[in-house]
Every structure is written in structure tokens, then in C-alpha cells.
Amino acid sequence: MHDAIKFIQGNEVCVEAALYAGINFFAGYPITPSTEIAEQMAVRLPETGGKFIQMEDEISSMCAIIGASLTGHKTMTATSGPGFSLMQEALGYAIMAEIPCVIVNVMRGGPSTGLPTHVGQGDVCQARYGTHGDHAIVTLTASNHHDIFRMTIEAFNIAETYRTPVILLLDEVTGHLREKIEIPEPGKIPLTKRLRTAVKSGVDYHPYLPREDGRLPMSDFGDIHRYNVTGLYHDMWGFPTDKPQIVYGLIRHLVDKIENNTPKITRFRKYYTKDAETLFISYGASARSTLHLVENRRRRGENVGLLELQSLWPFPADIVREACQHVPLVIVVEMNMGQITKEVKLAVDDPKKVFLANRIDGVLITPTDIRNTLRVIQGKGV
Amino acid sequence: MALKDYIRQRFFPHIWCPGCGHGIILNGLLRAVDTMGLDKKNIVMVSGIGCSARISGYVDFHSLHTLHGRALAFATGVKLSKPELNVIVPMGDGDALAIGGNHFIHAARRNIEMTAIVMNNRVYGMTGGQFSPLSGYGTMATTVPYGNIDHDFDVVDLATSAGATFVARTSTYHVHELAELITKAINHKGFSVLEVLTQCPTYFGRRNRIGDASEMMEVYKKNTVRIGSKKKQENPDLLERGIFVQKELPEYCREYDNIISKARQK
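Chemist: Could you give an account of the overall build of chain B, with specific residues and numbers?
Modeler: Tallying secondary structure elements over chain B gives 11 helices and 10 strands in all. Against the 2.2 N^0.38 benchmark of 18 Å for 266 residues, chain B shows a C-alpha radius of gyration of 18 Å, consistent with a compact globule. The principal-axis extents of the C-alpha atoms in chain B amount to approximately 65 × 45 × 35 Å. The buried share among the 266 residues of chain B stands at 59%. Excluding contacts between residues fewer than 6 apart, the proportion of contacts in chain B whose partners are at least 24 apart in sequence is 67%. Surface exposure of chain B reaches about 11100 Å², of which carbon and sulfur atoms provide 52%. With 31 positive and 25 negative side-chain charges, chain B shows a spacing of 4 Å between the two charge centroids.

Below, the structure is given as C-alpha cells:
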């Protein structure tokens, strides 16, 4: 069998990748520009014996994928800005109760209902901080079909590895863009299976007692072990508690299991960075325009490079610091008011060398836009 | 099996106030499960937030204590992904019909097989006695200190209109009827709703000067009648108890199995 070649939308690539990763439950609610994911899931999931359900809103969609994950299934939902806001409540629940699941947010212009059919990257900080309370989160992103396929699978793998919800931030441009994708043969990309407990029937099973490596083996609802799941602070049996020692231990565990594994979770691509004197940092659709500019400038002999981030949270500060170390000029390209720019400024030794090139008007930032910003910074005039 | 074998003793003491009706509902539920001979590992209790919601932790089933109002949404994910499980969803009145009202009507409309038990004490107990959508016009609560001007829902009417295929009502006074109706609700092949009138002497009873727990239960005895009773004709203000709706309609999970067959034949 050969790799199948298709010419499809980014949103459809996400569906194909989720199926490749073994998804068998999807709950969602229509919203532009993510709707094609739900539509395609409705077609494809039952073909594999999986289940698709259109819920009454995004709140219930998020709740339903948590419920379905607990019965032992790989689950996902997909939405866009306003729907992502509604999902924040249950996202926090999934973090607290440590339920593996994947949430796709195909970003459009915000705030509020904003620009439903136009592109934006304004939900980056919402992905990180949207739900209340201290927590850590994993957020991946992609700029092209090849990477949407890989990052969707990574999202499922990371969700299972760390027993956590994972957010996949796409945007209207990458979601609706049609380009070629080679779907790899089954087995080519490794998949992470759910870690299930080996504890036998009649022996006390502790669903919330981390092993030495920080992982927590699960038991499916309907299987031999009956335990409690709650969004309250809970002990190793999942029973609610407010004992300070247990509360402290749990919040540390929830944060540490992600933050301490930042190097393992981090995904990025480097283009011409070795001798770069100007380094661009970008992600998603913005990174496509940036790469176009960088390749153009390279042909003219300018030493420019691109660090494309494929994981945004936990923020890969070490990678960014290292890449920026000997570079006099760093330009972050994103379609928001500088949500990742702030993180880059915090990560580098000299924040004054970090600039933002952006568009916030619902139009994809072009290589010319970025070039113009570069020229202004260089004092050359547009 | 002894009823105590259905309980997680590790979880006790429970949080309910003296005189609270919720323990009676727990008792009725366990009697029903015992009578039916259900395997504990095939039962999932999904609850939201509130005094009522704690019931899921006290029982030795799979238990999912979720977010305020969202129990039915979580339960839908559990049931559709593993239809062989018996899904029971105890909810408070505010939990089910204020913050969870939308999930309630849509779960009923889908006719997905699960049992929603609305433990109706007409008040938000856990937060200290605010009015709920079932408190009713003229009642007193901390957030209606001059009297309630909000009208209430009738759970039975609402569930019926929304498409629930089994709808029943009883009270904590009628304990045998309670266990019997829970059994019938769980056995029903579709979305079943059981409203249980349950006393909150601490907040609703005290503030509305109804009296203590036993006096509140006396009210259930006096003010309710079986469906079709002559007393109701003489006094239309009496509240009826029993099964209001019991019908067969295609059930969601079975319907979805047909979808899978269709998709595979394509």
C-alpha cells in the first residue's frame, strides 16, 4: 500500500489525521470556520464504527468528549473563537480530572463574534489562560497540511501520554486552504495507546496516584474498577478533599507534569537560522507568509531566518532564547496584538531587539507586509 | 446484596443536613438497583453540582461528579460511547433546569437512554438558600427577600413537551413508590425523567415557614395524589404523582447503530 495523495482543505486534513490517530468519538457544534471538521466527522466516523454527535452547544460538546474519553475512547471536538470561549469551563474540568481529549480551535477574528469568515490568531493567550485557576496546558499549531496531519496526531499522543486535554490551534487560512497532502500508510506514524492500569479486580486501584514517572494509568468506565471523577480537588481515589497537603500536591502535579516536560512537548521548525542576522519567529498561516519572505531575501543574499513554532504552550522559552542568542534583530510575525511577542521578549536576553510584525484586520499578513515592517525597523522606509 | 454494599463507606459522613430528603432518594435508588439485580460495574452515576450532586460519590458505581448543570451533557458522552452502560443522572432543581435547562430539553428531545432524577427541593441549598426556577411565585429565599416574582417550571410538563418518553413524579414521603418508579425509569428504553419532591428543611422549609422535615413531608402526603384520583377533580391544586408519559420511540444509541450500518454499506 502506498501513501494516499489527496487535495483537500486543512480542516479535512485534521479529520483524516484524527482518524489515523484512532479517534472514535467526536462531539461538536457548527461554527465558522471550523464546521467542515464536524461535517467530515459526521461522514467518516460511522464508517469506522465511531460515533459523531452534534450537541446543543459547545459547552455540551466539550462535556460529551470528556464523558466519552472516560469510557476508553479517543475523543475530539472542534470549534472557533466564540465556541472556544464556551468550552473553557469544561476544559478546566478536563485539566483537573486529567481526561485525555483534543480540542481544535480554528481561529477567526475576535473578540466576540468578530470576523467569522476571516483569519485571526487572537486566541493564543485564551488557549493558555482561558479557563480559571492555575494550570498548565499543551497547545500545538501548524502552518501547512503536512504539519496539520502530524500535529493532530501529536495532539492525541500527548493527550494520552500526559492524561491531559490538548489544544490544536489552527486558523481560518490553514483550515480552508486546499493543498496536496500525502496520507501516510497506517503504522508509519507512531500512535500512543492509552495507559491502562494492571491492577486486578478486588485490589484497591488509585486512579489519581501518579507513578514515579508522573503518569497515571487509567481504567475505563464499565471496566472492573469503580472510582470517582470530580472537578474538585481530590485525593488518590478521586474523592473530594480540601486538605492543604493534598491540594498542594495536586496543583503541583497538574502543572509539573506539563511544564517539566516542555522539552519533550516542544515542536518547531528552523529555516536558515544558523547564520541569521534577522530572525523571524512565527506560527500558523503567518509562518507561511514569513517563510515566503525569508526565502526571497535569502536569494538576495540577506541573512534572514525563520523559527516556526509548532507548539505554543508550554512556551518553548529555551529554544527561543537559544535561537535568538546571537541575533541582533528578532521579529515576531503573528495576526494579533503581540501575544507570542510578549513571551519572546520574556525569553530573550535583550527584549529591546524583539519587534512585532502583525495584521489585525482579518486579512492574511503578506510577505510585503512583513517586508515593510522590516524596512521600518531598519530605518529604510517603506 | 445488603444496601451497605452499594455504598462507599470511605466517602462518609455525607454532607447533607439533618432532615434532608436526599438520603431518602439515595435509599430508594439503591433499593431499585438491588431489586433489578444490576451489576455495579455496569452503572455510571453522572451528577452536576449541588447538594444533590454529591449522591454520585456515595455509591459504589462508576461515578462522574461534573460541572454545575452539565451532568446530562457528560452523560451523553458516556452513554453514546458505551451504550451497554446504565446511566443514571441525579440532579438538583437549579442544576437541571436553570443552568442545565438547555441540556435537559435536548437530552429529552434526543431520547437517549438514561435516567434523569430531578431532586426538587425548590432551593439552592449548597450556596445557602437562593430561589431556583422551581421555587415558585411568592416563595421566600435569600435572593428574593421581598418575595419571589419568578414563576416556576412544571418539571413534568417541561419534560413531556421536550420529548422525554418516560416522565414520572413522586416524593420522599412515598418511599415505596419512589423505588418502584426509579426501577421503571431505569428499565425504560429511552430518556426517562423522574421528579422527586424532596425537603430542604434548612433553607426552603425554614424561610417559607413550612416547618421541619417531618412537617414538610406531611405536606407531600397532603398535597399530592395519584394520577387519576378523584380528589384531584375536587381540588385541582393537588399535585399528581405517578407515571405521566411512558411510550416507545426510537432510542438515540440504537438509531446511531443504524447510522453506522448505513455508513459502512456506502
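Chemist: I'd like to hear about the sheet that holds strand β3 (residues 86-92) of chain B, residue by residue, with values.
Modeler: An order of β10(A)-β2(B)-β1(B)-β3(B)-β4(B)-β8(B)-β7(B)-β10(B)-β9(B) is seen for the 9 strands of this open sheet, with the pairing classed as mixed. The open sheet terminates on both sides in strands that have one partner only, identified here as β10 (228-230) of chain A together with β9 (224-226) of chain B. Each adjacent strand pair in this sheet contributes to an overall mean axis angle of 20°, direction not counted. Relative to strand β2 (residues 62-65) of chain B, strand β1 (residues 43-47) of chain B runs parallel, the two being bridged by 4 bridges. Looking at β2 of chain B, one finds that Met 45 of chain B is bridged to Ser 63 of chain B. Set on the sheet, helix α4 (residues 81-97) of chain A makes contact with β10 of chain A together with β2 of chain B; between it and β10 of chain A the angle comes to about 135°.

Chemist: How would you sum up the packing of helix α1 (residues 10-21) of chain A against helix α6 (residues 145-162) of chain A? Please name residues and give values.
Modeler: Residue and element names in this part refer to chain A. Contact geometry for α1 and α6: axes closest at 8 Å, N-to-C directions at 40°. Overall, the two elements α1 and α6 adopt an arrangement that is oblique. The two elements α1 and α6 meet at a crossing, and its hand is right-handed. Listed contacts from α6 to Gly 10, Val 13, Cys 14, Glu 16, Ala 17, Ala 18, Tyr 20 and Ala 21 of α1 are His 145, Ile 148, Phe 149, Thr 152, Ile 153 and Phe 156.

Chemist: So what's going on with the pairing of strand β4 (residues 75-79) of chain A? Which residues, and what values?
Modeler: It is a general feature of regular strands that their side chains alternate between the two faces of the sheet. Residues and elements named next belong to chain A. Most of β4 is tucked away, with 5 of its 5 residues classed as buried. Bridging between β4 and strand β5 (residues 101-109) involves 4 bridges; their strand directions are parallel. Bridging from a neighbouring strand, Thr 79 pairs with Asn 105 of β5. Where the polypeptide runs from β4 across α4 and back to β5, its parallel neighbour, the crossover connection is right-handed.

Chemist: Go over the interface of chain B and chain A with me, naming the residues and quoting the values.
Modeler: Taken together, the contact pairs 39 residues of chain B with 44 residues of chain A. Around 3500 Å² of area is buried between chain B and chain A when both sides are counted, 61% of it from carbon and sulfur atoms. Our enumeration of links across chain B and chain A arrives at 4 salt bridges. Across the chain B-chain A interface, the total number found is 22 residue pairs in polar contact (both at pLDDT 80 or more). Of all the secondary structure elements, the ones that give two or more residues to the side of chain B that touches chain A are β2, α3 (71-81), α5 (101-110) and α11 (252-265) of chain B. Across the side of chain B that touches chain A, the residue classes tally to 16 nonpolar, 11 polar and 12 charged. With 3 bridges joining them, β10 of chain A and β2 of chain B adopt parallel strand pairing. When the sheet's bridge partners are listed, Thr 230 of chain A is paired in β2 of chain B with His 65 of chain B.

Chemist: Describe the domain arrangement of chain A, and please don't skip the residues or the numbers.
Modeler: Residue and element names in this part refer to chain A. According to the domain assignment, chain A consists of domain 1 (1-265) and domain 2 (269-379). When each unit is reduced to the centre of its C-alpha atoms, the spacing between domain 1 and domain 2 is 28 Å. With 33 residues of domain 1 in contact, the opposing surface of domain 2 contributes 26 residues. With both sides pooled, the region where domain 1 packs onto domain 2 buries about 2200 Å², and carbon together with sulfur makes up 57% of that total.

Chemist: Explain the environment of Leu 254 of chain A to me, and be specific about the residues and the numbers.
Modeler: All names here are of chain A. Mapped onto the fold, Leu 254 is located in helix α8 (residues 244-259). Given a relative accessible area of 5%, Leu 254 falls into the buried group. Through-space distance from the C-alpha of Leu 254 to that of Ala 136 is 6.8 Å; in sequence the pair is 118 residues apart. Those residues in contact with Leu 254 that lie beyond four places of it in its chain are Ile 95, Met 96, Glu 98 and Ala 136.

Chemist: I'd like a rundown of helix α13 (residues 367-377) of chain A, residues and numbers included.
Modeler: Residues and elements named next belong to chain A. Turning to α13, its buried residues number three or more, namely Asp 369, Ile 370, Asn 372 and Leu 374. Contacts from the buried residues of α13 go to β12 (278-282), α10 (284-299) and β15 (329-334). Just past α13, the residue Gly 379 takes up positive phi, approximately 75°.

Chemist: An account of the packing of α3 of chain B against α5 of chain B is needed here, citing residue identities and associated values.
Modeler: Residues and elements named next belong to chain B. In the contact formed by α3 and α5, the axes pass within 8 Å of each other and the chain directions differ by 35°. Contact residues: α3 offers Leu 72, Ala 73 and Thr 76, while α5 offers His 103, Phe 104, Ala 107 and Arg 110. Counted by class, the contact of α3 with α5 contains 4 nonpolar, 2 polar and 1 charged residues.

Chemist: Can you lay out the pattern of salt bridges for me, pointing to particular residues and giving the numbers?
Modeler: Per the counting criterion, the structure on display carries 32 salt bridges over all chains. Across the salt bridge formed by Arg 44 of chain A and Glu 47 of chain A, the nearest N and O atoms sit 3.0 Å from each other. Separated by 3 residues within a single helix, Arg 44 of chain A and Glu 47 of chain A lie in helix α2 (residues 35-47), roughly one turn from each other. When the shortest N-O distance is used, the salt bridge between Arg 10 of chain B and Asp 204 of chain A registers 3.0 Å. In this pair, Arg 10 of chain B is assigned in the segment before α1 (22-36) and Asp 204 of chain A in the loop between β9 (178-183) and β10, connecting two distinct chains. Assessed through its relative accessible area of 36%, Asp 204 of chain A is described here as partly exposed. Each of Lys 6, Glu 16, Arg 44 and Glu 47 of chain A takes part in salt bridges that share partners, so that together they form one network.

Chemist: So what's going on with the state of the cysteines? Residues and values would help.
Modeler: With the rule as written, the count across this model stands at 0 disulfides over all chains. Cys 20 of chain B carries a free sulfur, and the closest cysteine sulfur to it, the one in Cys 51 of chain B, is 6.4 Å from it.

Chemist: Give a description of the sheet that holds β15 of chain A that names residues and reports values.
Modeler: All names here are of chain A. The mixed open sheet is built from 5 strands, whose spatial order is β11-β13-β12-β15-β16. The outermost strands of the open sheet, each flanked by one partner alone, are β11 (268-271) and β16 (354-358). Averaged over neighbouring strand pairs, the angle between their axes works out to 20° when direction is ignored. In terms of strand pairing, β11 meets strand β13 (residues 304-309) through 4 bridges, oriented antiparallel. Bridge assignment links Arg 269 to a residue of β13, and that residue is Glu 308. Sheet strands in contact with helix α12 (residues 339-347) are β12, β13, β15 and β16, and its direction is about 155° off that of β15. Packed onto the sheet, α13 meets β12, β15 and β16 and runs at close to 150° relative to β15.

What counts, and at which threshold
Residues numbered from 1 in each chain as written. Chains lettered and ligands numbered in written order. Predicted model: local features only at pLDDT ≥ 70, side-chain atom pairs only at ≥ 80, totals over all residues. Heavy atoms only, no water. Helix = DSSP H or I, 4+ residues; strand = E, 2+ residues; numbered from the N terminus. Rg over C-alpha atoms; globule rule 2.2 N^0.38 Å. Buried < 20%, exposed > 50% of the residue type's maximum accessible area, 1.4 Å probe, protein only. Contact = heavy atoms within 4.5 Å. Areas by Shrake-Rupley, 256 points an atom, 1.4 Å probe, with all protein chains shown as cover. Lys, Arg positive; Asp, Glu negative; His and termini not counted. Charge placed at Lys NZ, Arg CZ, Asp CG, Glu CD. Pairing = 2+ DSSP bridges. Axes fitted to C-alpha atoms, helices over the stretch in contact; angles between N-to-C directions. Parallel < 35°, antiparallel > 145°, perpendicular 65-115°, else oblique. Left-handed = near helix turned anticlockwise from the far one by under 90°. Right-handed = clockwise from strand over helix to strand, strands pointing away. Buried area = accessible area lost by both parts, 1.4 Å probe. Salt bridge = Lys/Arg side-chain N within 4 Å of Asp/Glu carboxyl O. Polar contact = N/O pair within 3.5 Å; in protein donor to acceptor, adjacent residues only side chain to side chain. Nonpolar A, V, L, I, M, F, W, Y, C, P; charged D, E, K, R; others polar. Domains from an automatic or database assignment. Disulfide = S-S within 2.5 Å.

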